[in-house]
Amino acid sequence: MCKEGSQPGLISASAPGKVILFGEHAVVYGRPAIAAPVSQSRATATIHSSKETLLIAPDLGIKRPLSQTSLDDPLAAVIHHFQRAADLPTLPPFTLTVSSQLPIASGLGSGAAISAAIIRALADFCAVTELATDEWVSALTYEVEKLHHGTPSGIDNTVVVYEKPIYFVKGEPIETFTVKRPLHLLIADSGISSKTVDVVMDVRRRWERETAVFNRLFDQCGTIAHSARTAIGTGDLLEIGRLMTENHHLLQKMSVSAPILDRLVGAAMDAGAMGAKLSGAGRGGNVIVLVDEGRETAVVQALLANSAKTIMSSNIL
Ligand code: PMV
């Protein structure tokens with residue numbers, strides 16, 4: 001059982017957002033994918049002792065006692081999973097405040113980052129930090145992801161917990177790798193929210209109807225991820241960009257793009273980007289653009305002129 005008051009004051013933990021550089025969707029079907037953390041945009045969980053357990057998430061308009069929260073509420077679900085996994089019969093009352101710089105339902109991994117931050121903060125609050133290895137936090141975050149996503153590959157929880165670029169194959173040990181030359185990315189938000197679970201389920205329906213076609217598309221994405229790993233290792237930025245755009249065209253064929261995403265990718269390329277693609281589940285959310293610093297201003301202007309709502313820059317190191 002957690003020792004009440006054993007950790008006085010405020011406890012805080014955070015986890016980053018992420019981008020999928022290569023291989024979304026195909027990764028659900030066992031093909032390799034590459035993802036990287038976006039460390040400057042984070043979800044943060046803060047906990048302090050209180051008289052009753054209270055959940056506060058200003059960005060989501062949530063402020064309510066845990067006792068009045070249904071079990072399938074996303075924040076409550078993390079707490080219940082944590083309690084069970086840590087084998088704690090009770091938790092002392094606390095106030096949990098969650099804030100996030102990551103837009104929801106936009107392919108930046110906000111759900112996984114929020115869960116991971118809460119799990120780490122709870123482990124600290126309950127003085128069970130020895131349990132909370134990266135492996136344990138990632139596995140628990142994956143369990144919560146399953147509630148919301150149905151059949152997640154596990155890439156989101158892995159990259160936000162380990163906070164390193166990863167080459168990921170479902171069910172295999174995680175592989176981190178070295179980035180020879182930093183990838184300067186622009187992350188442009190279409191402003192359209194899209195639920196991962198809906199898109200993943202739609203792809204599954206299409207895969208069931210057109211199995212051979214989709215298996216071929218997934219294989220091609222896998223080959224791209226494999227080649228991209230070599231290109232990232234040798235610092236061949238032009239090749240990385242080319243592979244990103246090629247991956248976007250395969251995602252279009254899977255029907256997970258959207259007119260605005262295609263427009264943003266096209267505008268970025270016309271303005272001199274090295275490569276661009278949607279990132280995450282698609283149908284909305286973000287596009288990522290690999291850009292030379294010399295072309296950055298022109299590409300930013302082109303993205304804004306084509307309805308990007310916000311643009312963030314991130315260096316993948
Ligand atoms: O959570 P999102 O929108 O970044 O999508 C995750 C990537 C998918 O490949 C579409 C799903 C998965 O579980 O890998």
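To be clear, the structure that these remarks concern was listed above.
Residues numbered from 1 in each chain as written. Predicted model: local features only at pLDDT ≥ 70, side-chain atom pairs only at ≥ 80, totals over all residues. Heavy atoms only, no water.

A. Structural view of the overall build of the protein chain. Helix and strand content of the protein chain: 9 helices and 11 strands. A compact globule built from 317 residues should have a C-alpha radius of gyration of about 20 Å, and the protein chain, at 20 Å, falls within 12% of that. Projected onto its principal axes, the C-alpha positions of the protein chain cover 60 × 40 × 35 Å. Nonlocal contacts in the protein chain, meaning residues at least 24 apart in sequence, comprise 73% of its contacts between residues at least 6 apart. Roughly 13300 Å² of accessible area belongs to the protein chain as shown, and the carbon and sulfur atoms make up 53% of that amount. For the protein chain, the separation between the mean place of its 28 positive charges and that of its 31 negative charges on side chains is 3 Å. (Helix = DSSP H or I, 4+ residues; strand = E, 2+ residues; numbered from the N terminus. Rg over C-alpha atoms; globule rule 2.2 N^0.38 Å. Contact = heavy atoms within 4.5 Å. Areas by Shrake-Rupley, 256 points an atom, 1.4 Å probe, with all protein chains shown as cover. Lys, Arg positive; Asp, Glu negative; His and termini not counted. Charge placed at Lys NZ, Arg CZ, Asp CG, Glu CD.)

B. Highlighting unusual backbone geometry. Although it is not a glycine, S255 adopts a positive phi angle of roughly 70°. For S255, the position within the fold is in the loop between α7 (237-253) and α8 (259-270). Even without glycine at this site, R283 takes up a positive phi of about 65°. Along the chain, R283 turns up in the loop between β9 (275-279) and β10 (286-290).

C. The pattern of salt bridges, seen in detail. In the structure shown here, the tally under the stated rule is 13 salt bridges. A salt bridge links R64 to D73, with the nearest nitrogen and oxygen atoms 2.8 Å apart. On the accessibility criterion, R64 (28% relative accessible area) is partly exposed. The buried category is assigned to D73, whose relative accessible area is 9%. The shortest N-O distance in the salt bridge between D202 and R283 comes to 2.7 Å. Placement of D202 in helix α5 (residues 196-209) and of R283 in the loop between β9 and β10 is noted, with a sequence separation of 81 residues between them. (Salt bridge = Lys/Arg side-chain N within 4 Å of Asp/Glu carboxyl O. Buried < 20%, exposed > 50% of the residue type's maximum accessible area, 1.4 Å probe, protein only.)

D. Quick peek at the nonpolar core. Within the largest apolar cluster, 111 residues are counted, with the highest numbers of intra-cluster contacts made by V19, F22 and F82. It is helix α2 (residues 110-125) that provides the largest number of residues to this core, a total of 11 residues. Summarising the domain contributions, this core has at least three residues from each of domain 1 (11-175) and domain 2 (179-316). When sequence neighbours within four positions are dropped, the list of residues in contact with V19 reads A35, A36, V38, L108, L185, I187, S279, I288 and I316. (Core = buried A, V, L, I, M, F, W, Y, C linked by side-chain atoms within 4.5 Å. Domains from an automatic or database assignment.)

E. Representation of empty space enclosed by the protein within the structure. Under the defined criterion, the tally for this structure stands at 2 cavities of 30 Å³ or more. Approximately 40 Å³ is the volume found for the largest cavity. In terms of lining residues, the largest cavity is bounded by A105, S106, G107, S194, T196, S279, A281, G282, G284 and G285. A domain split of the lining of the largest cavity shows at least three residues from each of domain 1 (11-175) and domain 2 (179-316). Of the pockets and cavities examined, the second largest cavity occupies roughly 40 Å³. Around the second largest cavity, the lining residues are A57, D59, L60, V98, S99, S100, I104 and I114. (1 Å grid on protein atoms, 1.4 Å probe; cavity = no way out; pocket = protein on both sides within 12 Å on 5 of 7 lines; lining within 4 Å. Points joined across faces, edges and corners; volume = space filled by probe spheres on them.)

As far as function goes, none of this settles anything; it's purely spatial.
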